[in-house]
Amino acid sequence: MVNRTKSKRVAGELMDKDTMLDLYHEMVLVRRLEEAFETLYQEGKIGGFLHLYIGQEAVGSGVIGARQPQDRVITAYRDHGIAISCGIDPKSIVAELFGKEAGTSKGRGGSMHLGNTDLNFWGGHAIVGAHMPLATGMAMADKYRGSDAVTICLFGDGATNGGYFHEALNLSMVWDLPILWVCENNQYGMGTAVERASAVTEIRQKAEGYGMPNERVDGMDILKVYEATSKNLDLVRKNGPFFLELMTYRFRGHSIGDPERYREKEEIDMWRKDDPIGIFRKHLLSTNGLTDAVLDNIEAKAQSEIEEAIKFAEASADPSLDSLFDYVYVD
Amino acid sequence: MAVITMREAISQAIWEEMERDEDVFIMGEEVGIWGGTYAVTRGFYDHFGGERVRDTPIAEGVIIGAANGAAMAGLRPIAELMTINFAFLAMDQIVNHSAKLRLMFGGQFKIPIVIRAVGGGGRQLGATHSQTPDAVFAHFPGLKVVSPGTPSDAKGLLKTAIRQDDPVMFIENATLYQVRGEVPDEEHLVPIGVSKVQREGHDATIVTYSKMLQKSFVAAERLSSEGIEVEIVDLRTLRPLDMGPVVQSFKKTNRAVIVEEGWKSYGVGAEIAARLYEEAFDYADAPIKRLAQKEVPLPYNHDLEQHAIPQVEDIIMAVKEVL
Ligand SMILES: Cc1ncc(C[n+]2csc(CCOP(=O)(O)OP(=O)(O)O)c2C)c(N)n1
Ligand SMILES: [Mg+2]
């Protein structure tokens, strides 16, 4: 398990230094994990689709870093980074992508269906937009039972053009549910740029139509993401839905095998200058009196954790064939 | 005759029909600039332009709904669903509208739309992305459901589907795109609603279609090396269903195995077996056998998934059981 000091993260407060180092470690861990997956996929050790989070690490770490343990998290299929942020052991993440019994979802779900309900992570979901009504229902259940939990629902820009998005946003306002809607606007849904698929390019405007308070924030700078999330989680706990649009960019293709005919290399290079890990590192070095040595140490630690996780997953067992019908029904 | 892939055959069919008829256009997720998720429409956007090769938002309800509307207004849309699994997000438009509008308005207009959707499992895409729900669509009167298993049939059936005036679900299989086969160089149309004997034999009849046709070919060759000659009848169209060649073959071999990739319960095999018993009960020398996907949402794990899908060895075993 990632070394977390969640208790220090009081909502509404800015991060202390330990938290920052934790989150730096987490973002590097996500980056190294995704890089490893890229290689493992080419080696044929991972099947299916592989949607990498590289470039978007500040979103997951910043948003989930600011949550309280009772807050639920649910997201789409680009879920490896979110899983790490929720505290899932990289061992069980790698094992899931290898289809092993020790995986988060017992090798049944794969890359797109990581989840650990003990850690309040309710999954990656592969049907675009489909998890948004699920978030609505979870928040409804929490409110029904008088809990002060918030449901944090992350989704892509592309998902905001479908019916599920609009139905879920509307109902969350009508029922006044504790949901933080988080749009990871990485500018594309597969190869379709936001302006080619959405009538408004500022996605937060869609929340306006439902009378929902909203904000658009730089998603490459984890400090801004964390601050906006902490503040708005408080608001949601008191007042109901809030819509947060985070501006980010995916540095890799949509999935492995994306020919990337829809964007120029220059555009990718421009965004890479805003590498979320680089931005955070610069900040840590300049304002927190940290040294390169300390941060390099953290990076080395992350690297060895990933190597350990891969070793674990490689050594662990496949589900047995006679377990094929497990989990279809409860009884 | 040229030997081309299934992908090329489907691509050529759309290209030729778009060249032939200005009212034909294609819309769907990533059909344009990307060139189609499975590269079927590569080069179309540059050639035909964005008016006729329309990228859509991720919004299946309005993809099919708008295609229905455009068809009502006289155009001939090809609506691509990135995969058949996403048809469930458009089910109301497909089932309540494509299939029913014409009848409900006493035939005042027609809905000449082709819904292209790719299905099939075996690629470790997880339970929601691996389905073969063909039988679900074949349940509804008002829809035609076509699912070819060879490049030649794919091209000829798709061209016919685009030209005729009823809503057609055209179901492709993602693991068939690389399959090669001979396709006539001249104008090539295959009628909808006609089953076809794809291999002659006398010991038993395999009734199948799409991906399982290709697996059945392999099984047939292996059985042949053991001296067993199976006849293979390819349904090609699930609705309207042409039982003619199926019944004829069954009357000759008196034994049948029905092979489908989808689940067995209420499936294609159930329909074919029931009809064979209705139409040719006296000819059965052995109980008709159905081979289908095990009744489980497909798991991600490679071996579990393969275990759930009918394999060549399963087909061979099933044939031996009815002999
Ligand atoms: C209902 C549905 N339609 C289509 C797809 C195929 N698909 C998977 S991801 C994706 C793009 C989603 O874009 P976005 O919401 O912006 O998320 P991002 O990939 O950028 O994180 C599409 C079209 C799907 N999984 N579900
Ligand atoms: Mg996106």
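A brief structural summary. Since the structure is predicted, the reported quantities are computational estimates derived from the model, not experimental observations. (Residues numbered from 1 in each chain as written. Chains lettered and ligands numbered in written order. Predicted model: local features only at pLDDT ≥ 70, side-chain atom pairs only at ≥ 80, totals over all residues. Heavy atoms only, no water.)

Think of a pair of aromatic rings as described by two things: how far the centres are apart, and how the planes are tilted against each other in angle. Scanning all chains against the criterion turns up 17 aromatic pairs over all chains. On the numbers, 5.2 Å between centres and 50° between planes, the contact of Y188 of chain A with Y262 of chain A is tilted. With Y188 of chain A in strand 4 (residues 188-189) and Y262 of chain A in the loop between strand 7 (242-247) and helix 10 (265-272), this pair connects stretches of sequence that are 74 residues apart. Neither Y188 of chain A nor Y262 of chain A differs from the other in exposure class; each is buried. Between F105 of chain B and F109 of chain B the ring centres are 5.6 Å apart and the planes differ by 40°, which places this aromatic pair in the tilted class. For F105 of chain B, a relative accessible area of 41% corresponds to the partly exposed category. An aromatic cluster is present here, built from Y188, Y249, F251, Y262 and W271 of chain A together with W34 of chain B joined pairwise through their rings. Geometry around Y188 of chain A places R263 of chain A over its ring, the cationic atom sitting 5.9 Å from the centre. (Phe/Tyr/Trp six-rings, centres within 6.5 Å; stacked < 30°, edge-to-face > 60°. Helix = DSSP H or I, 4+ residues; strand = E, 2+ residues; numbered from the N terminus. Buried < 20%, exposed > 50% of the residue type's maximum accessible area, 1.4 Å probe, protein only. Lys NZ or Arg CZ within 6 Å of the ring centre and 35° of its normal.)

Turning our eyes to something else, we now look at the pattern of salt bridges. Scanning all chains against the criterion turns up 45 salt bridges over all chains. Notably, a salt bridge pairs K45 of chain A with E314 of chain A, separated by 3.0 Å at the nearest N-O pair. Pair noted here: K45 of chain A is in the loop between helix 1 (17-42) and helix 2 (57-65) and E314 of chain A is in helix 12 (residues 292-315), with a separation of 269 residues, a long-range link. The class for K45 of chain A is partly exposed, based on a relative accessible area of 37%. Take E314 of chain A: its relative accessible area is 39%, and that puts it in the partly exposed class. A salt bridge links R281 of chain A to D292 of chain A, with the shortest nitrogen-to-oxygen separation between them at 2.9 Å. One end of the pair, R281 of chain A, is in helix 11 (residues 276-287); the other, D292 of chain A, is in helix 12, with 11 residues separating them in the sequence. Salt bridges sharing partners connect three or more residues here, namely E16, E17, R20, K155, K159, R163 and E187 of chain B. (Salt bridge = Lys/Arg side-chain N within 4 Å of Asp/Glu carboxyl O.)

Right, let's get into the packing of helix 3 (residues 60-72) of chain B against helix 4 (residues 91-98) of chain B. Residues and elements named next belong to chain B. As a packed pair, helix 3 and helix 4 sit with axes 8 Å apart at the nearest point and diverge in direction by 25°. Classified by the interaxial angle, the pair formed by helix 3 and helix 4 is roughly parallel. Contact with helix 3, carried on its side by G61, I64, G65 and N68, involves Q93, I94, H97 and S98 of helix 4 and no other residues of that element. Looking at the contact of helix 3 with helix 4 residue by residue, the class counts come to two nonpolar, six polar and no charged. (Axes fitted to C-alpha atoms, helices over the stretch in contact; angles between N-to-C directions. Parallel < 35°, antiparallel > 145°, perpendicular 65-115°, else oblique. Contact = heavy atoms within 4.5 Å. Nonpolar A, V, L, I, M, F, W, Y, C, P; charged D, E, K, R; others polar.)

Moving on, we come to the coordination of the magnesium ion (ligand 2). Residue and element names in this part refer to chain A. Surrounding the magnesium ion (ligand 2) are the protein donor atoms D157 (OD), N186 (OD1) and Y188 (O), which sit 2.1 to 2.2 Å from the metal. In primary sequence terms, the donor set of the magnesium ion (ligand 2) follows D-x28-N-x1-Y. Given a relative accessible area of 5%, N186 falls into the buried group. (Donors = N, O, S within 2.8 Å, 3.2 Å for Na, K, Ca; no water.)

Counting residues in each nonpolar core, the largest one holds 63 residues, and the members touching the most others are F37, I93, L180 and F280 of chain A. For this core, the leading source of residues is helix 1 of chain A, giving 12 residues. Not counting residues up to four positions away in its chain, the partners in contact with F37 of chain A are I46, L50, L52, H80, I93, V94 and L97 of chain A. Ranked by size, the runner-up nonpolar core spans 47 residues in total, among them A90, F109, V207 and L276 of chain B. (Core = buried A, V, L, I, M, F, W, Y, C linked by side-chain atoms within 4.5 Å.)

Time to look at helix 3 of chain B. All names here are of chain B. For helix 3, built from 13 residues, the straight-helix expectation of 18 Å at 1.5 Å per residue is met to within 8% by its first-to-last C-alpha distance of 18 Å. Each element contacted by the buried residues of helix 3 is listed here: strand 2 (24-28), strand 4 (76-81), helix 4 and strand 5 (114-119). Phi for G74, located one or two positions after helix 3, is positive at around 110°. (Expected span 1.5 Å × (residues − 1).)

Y77, R78, G158 and N186 of chain A together with E60 of chain B are the nearest of the 21 residues found near ligand 1. The environment of ligand 1 is shared, with nearby residues belonging to chains A and B. G158 of chain A is positioned with one of its backbone polar atoms (N or O) 2.8 Å from an oxygen atom of ligand 1. Here a nitrogen atom of ligand 1 and a side-chain polar atom of E60 of chain B are 2.6 Å apart. Among the residues making up the shell around ligand 1, the classes are represented as 11 nonpolar, six polar and four charged. (Near = heavy atom within 4 Å. Polar contact = N/O pair within 3.5 Å; in protein donor to acceptor, adjacent residues only side chain to side chain.)

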